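Per-entry structural report
For reference, the chains in residue letters:
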Amino acid sequence: MRTSSAFDREIVSRMQEITRLLLVRIRSLGDSILTLPLIEALHEWRPELRLGIVIEAPYAAVFRHHPAVKALFILKTKTGKTKTGHPALSRPRLIYELFRQRYPAVLNLHGGSTSMVITAATRSPLRLGQDTHRWSWIYNGRIPASSTIWGKRSLHTVEHQLTFMRWLGLPVTARSATLHIDPVARARIADYLQRSKISNYLVVHPTATLPTKQWTPTNFARLGDALLREFGHPIIYTAAQHEIPLLQQVQQAAQESHIYRADLTLAEHFALLERCRLFIGNDSGPMHAAAALKKPVVAVWGSSDFNAWHPWQTEYDVVRSDLACMPCPGYGCPVFGDPKCILDIPVSRVADACARLLSSTRTQISDSC
């Protein structure tokens, strides 16, 4: 069994010879978006390398139009399809298809049980993943812990994803996340904005995956009201369909008239973000999408690790508390009961952060004219 090393010449040699590489990247919109710098780095290192990606159906739009991604293997979730209707495979069919493809190398970026089963089932001659993953014995190329490779404990998730490149001593000059928009979705959003006579708008995404990362709907409503009154920019609140009840709470608490969209596909959401003036939200997948599109971001921060998850390579302002218990796993708040870290953040602090970024971007636009 191959052991980990800081620089494995044999694996580098094999990586230079292969023509195709499979990445297993299941789970989470944010994680998927923060994989984009790795894809950029691999493509810059070897432009001819044909990348395939295993991704769950809800997140396929992240990679579907990336020029470096030559094949998508979409794992069916409960719904079985993305909202745009792209076909997805059951786990047995996915495993069969990957086995049939005979990828010469596979890199597991997740490490959970599903990704490990998929990685093992490919029967690829070169199976790579971190030594800290469960069942890491299935790998014949074990990547040491990211902190060991980078020589520091505090790492952004992008750096964690790039550990594979650094471990092998491969060049990592491209660290940006480039989100490629579906042209059909872009045209659809452009048409909607034109027909609705909406421009220079702000996007507010008031939802999060955990209560400890969730600012209150009432606070988001008050924030939108304040920003509309002060700056006059239209406010578009967005959410997924299963988050409609929270969006309704925002609408009920708001005193001004705003726009509410919970009917967008993920690709359309990206297209809407692409044209916005400012993104405001919790630590969430849409926050990372806005950052990847180089939009200014104001994030209302709760329990998650700021160093690991802050917006990547865009102008941003994170409004957060300073408590000794931060960060934490976020599945509950054993210290206060309710997540004081995010619930105690006042609307005024977030509004001030928005004002700073709106003023900054207005100056940049003026200077470029």
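Owing to the predicted nature of the structure, the values given are computational and were not obtained by experimental measurement. (Residues numbered from 1 in each chain as written. Predicted model: local features only at pLDDT ≥ 70, side-chain atom pairs only at ≥ 80, totals over all residues. Heavy atoms only, no water.)

Of the regular secondary structure elements, the chain holds 16 helices and 12 strands. A compact globule built from 369 residues would reach a C-alpha radius of gyration of about 21 Å, and the chain, at 21 Å, matches this within 12%. A total of 369 residues make up the chain; the buried ones form 56% of that total. If you take every contact in the chain between residues at least 6 apart in sequence, the share linking residues at least 24 apart comes to 62%. Carbon together with sulfur atoms contributes 50% to the accessible area of the chain, which is approximately 16300 Å² in total. Taken as two groups, the 43 positive and 29 negative side-chain charges of the chain have centres that lie 7 Å from each other. (Helix = DSSP H or I, 4+ residues; strand = E, 2+ residues; numbered from the N terminus. Rg over C-alpha atoms; globule rule 2.2 N^0.38 Å. Buried < 20%, exposed > 50% of the residue type's maximum accessible area, 1.4 Å probe, protein only. Contact = heavy atoms within 4.5 Å. Areas by Shrake-Rupley, 256 points an atom, 1.4 Å probe, with all protein chains shown as cover. Lys, Arg positive; Asp, Glu negative; His and termini not counted. Charge placed at Lys NZ, Arg CZ, Asp CG, Glu CD.)

In the structure shown here, the tally under the stated rule is 13 salt bridges. Put simply, Asp 191 and Arg 195 hold a salt bridge, and the shortest N to O gap is 2.8 Å. Separated by 4 residues within a single helix, Asp 191 and Arg 195 lie in helix α9 (residues 183-196), roughly one turn from each other. For Asp 191, a relative accessible area of 38% puts it in the partly exposed group. Residue classification places Arg 195 among the exposed positions, given a relative accessible area of 57%. (Salt bridge = Lys/Arg side-chain N within 4 Å of Asp/Glu carboxyl O.)

The next subject is the sheet that holds strand β8 (residues 235-238). Within a sheet, neighbouring strands are paired by backbone hydrogen bonds and run either parallel or antiparallel to one another. Spatial ordering of the open sheet is given by β9-β8-β7-β10-β11-β12, a layout of 6 strands whose pairing is parallel. Two strands in the sheet have a free side with no partner beyond their single neighbour: β9 (259-261) and β12 (316-319). On average, each strand axis in the sheet is tilted by 20 degrees relative to the strand beside it, whichever way the strands run. Inspection of the sheet shows strand β7 (residues 202-205) paired to β8 by 3 bridges, in the parallel sense. Residue pairing across strands places Val 204 opposite Tyr 237, the latter belonging to β8. The strands that helix α11 (residues 244-253) touches are β8 and β9; relative to β9, the one it contacts most, it runs at about 175 degrees. (Pairing = 2+ DSSP bridges. Axes fitted to C-alpha atoms, helices over the stretch in contact; angles between N-to-C directions.)

Taken in spatial order, the 6 strands make up an open sheet running β3-β2-β1-β4-β5-β6, and their pairing is parallel. Pairing within the sheet leaves two strands with one partner each, and these edge strands are β3 (69-75) and β6 (141-143). Shown here is a sheet whose adjacent strand axes are inclined to one another by a mean of 20 degrees, direction ignored. In this structure, strand β2 (residues 50-56) lies alongside β3, joined through 6 bridges in parallel fashion. Its bridge partner lying in β3, Gly 52 is registered against Ala 71. In the packing of helix α4 (residues 91-101) onto the sheet, the strands contacted are β1 (20-24), β2 and β3, and the crossing angle to β3 comes to about 150 degrees. Across the sheet, helix α5 (residues 113-121) lies against β1, β2, β3, β4 (105-108) and β5 (126-130), angled at about 175 degrees from β4, the strand it touches most.

Tallied over the full model, the rule gives 5 aromatic pairs. Each ring, one from Phe 73 and one from Tyr 103, has its centre 6.0 Å from the other, and the planes form 85 degrees; the classification is edge-to-face. Residue Phe 73 is located in strand β3, and its partner Tyr 103 is located in the loop between α4 and β4; the two are separated by 30 residues in the primary sequence. In this structure Phe 73 comes out as buried when scored by relative accessible area, which is 6%. What makes Tyr 103 buried here is its relative accessible area of 4%. Look at Trp 301 and Phe 306: their rings are 6.0 Å apart centre to centre, the planes differ by 80 degrees, and that puts the pair in the edge-to-face class. Following the ring pairs from residue to residue traces out a cluster consisting of Trp 301, Phe 306 and Tyr 316. Stacked on the ring of Trp 45, the Lys or Arg Arg 46 has its end atom at 5.9 Å from the ring centre. (Phe/Tyr/Trp six-rings, centres within 6.5 Å; stacked < 30°, edge-to-face > 60°. Lys NZ or Arg CZ within 6 Å of the ring centre and 35° of its normal.)

The nonpolar side chains of a soluble globular protein tend to be buried with one another. The biggest cluster of nonpolar side chains holds 76 residues, and the ones touching the most others in it are Met 15, Leu 21, Phe 164 and Met 165. In this structure Leu 21 touches Met 15, Leu 42, Leu 49, Arg 50, Leu 51, Gly 52, Tyr 103, Ala 105, Val 106 and Leu 107, once residues within four positions along its chain are discounted. Core analysis: the next-biggest nonpolar cluster, separate from the first, contains 31 residues, Val 319, Ala 353, Cys 354 and Leu 357 among them. (Core = buried A, V, L, I, M, F, W, Y, C linked by side-chain atoms within 4.5 Å.)

Scored by pLDDT, the chain comes out at a mean of 92, with 93% of its residues at no less than 70. Note that residues 365-369 has pLDDT below 50 and, in this model, 1 contact with residues that lie over four places away or in other chains. (pLDDT = per-residue confidence, 0-100.)

Counting buried positions over the 10 residues of helix α3 (residues 36-45) gives 8, a clear majority of the element. Of all the residues in α3, the buried ones are Leu 36, Pro 37, Leu 38, Ile 39, Glu 40, Ala 41, Leu 42 and Trp 45.

In this section: the pairing of β4. Burial along β4 is two-sided: the face carrying Ala 105 and Leu 107 and the face carrying Val 106 and Asn 108 are both buried. Between the parallel elements β4 and β5, the chain passes through α5 in a crossover that is right-handed. (Right-handed = clockwise from strand over helix to strand, strands pointing away.)

On to unusual backbone geometry. Residue Met 326 is joined to Pro 327 through a cis peptide bond whose omega torsion reads -10 degrees. The topology assignment puts Pro 327 in the loop between β12 and α15 (340-343). One non-glycine residue, Ser 28, adopts positive backbone phi at about 75 degrees. You can see Ser 28 is positioned in the loop between β1 and α2 (29-33). Ser 28 gets classed as partly exposed once you look at its relative accessible area, which sits at 27%.

With respect to the element layout, Arg 25 can be found in the loop between β1 and α2. In this structure, Arg 25 is buried with no salt-bridge partner, the nearest side chain bearing the opposite charge being Asp 31 at 4.0 Å. Among the polar contacts made by the side chain of Arg 25, one reaches the main-chain carbonyl oxygen of Leu 109 at a distance of 3.3 Å. For Arg 25, the residues in contact, after removing those within four places along its chain, are Asp 31, Ser 32, Thr 35, Ile 53, Val 54, Ile 55, Phe 63, Leu 109, His 110 and Gln 161. (Polar contact = N/O pair within 3.5 Å; in protein donor to acceptor, adjacent residues only side chain to side chain.)

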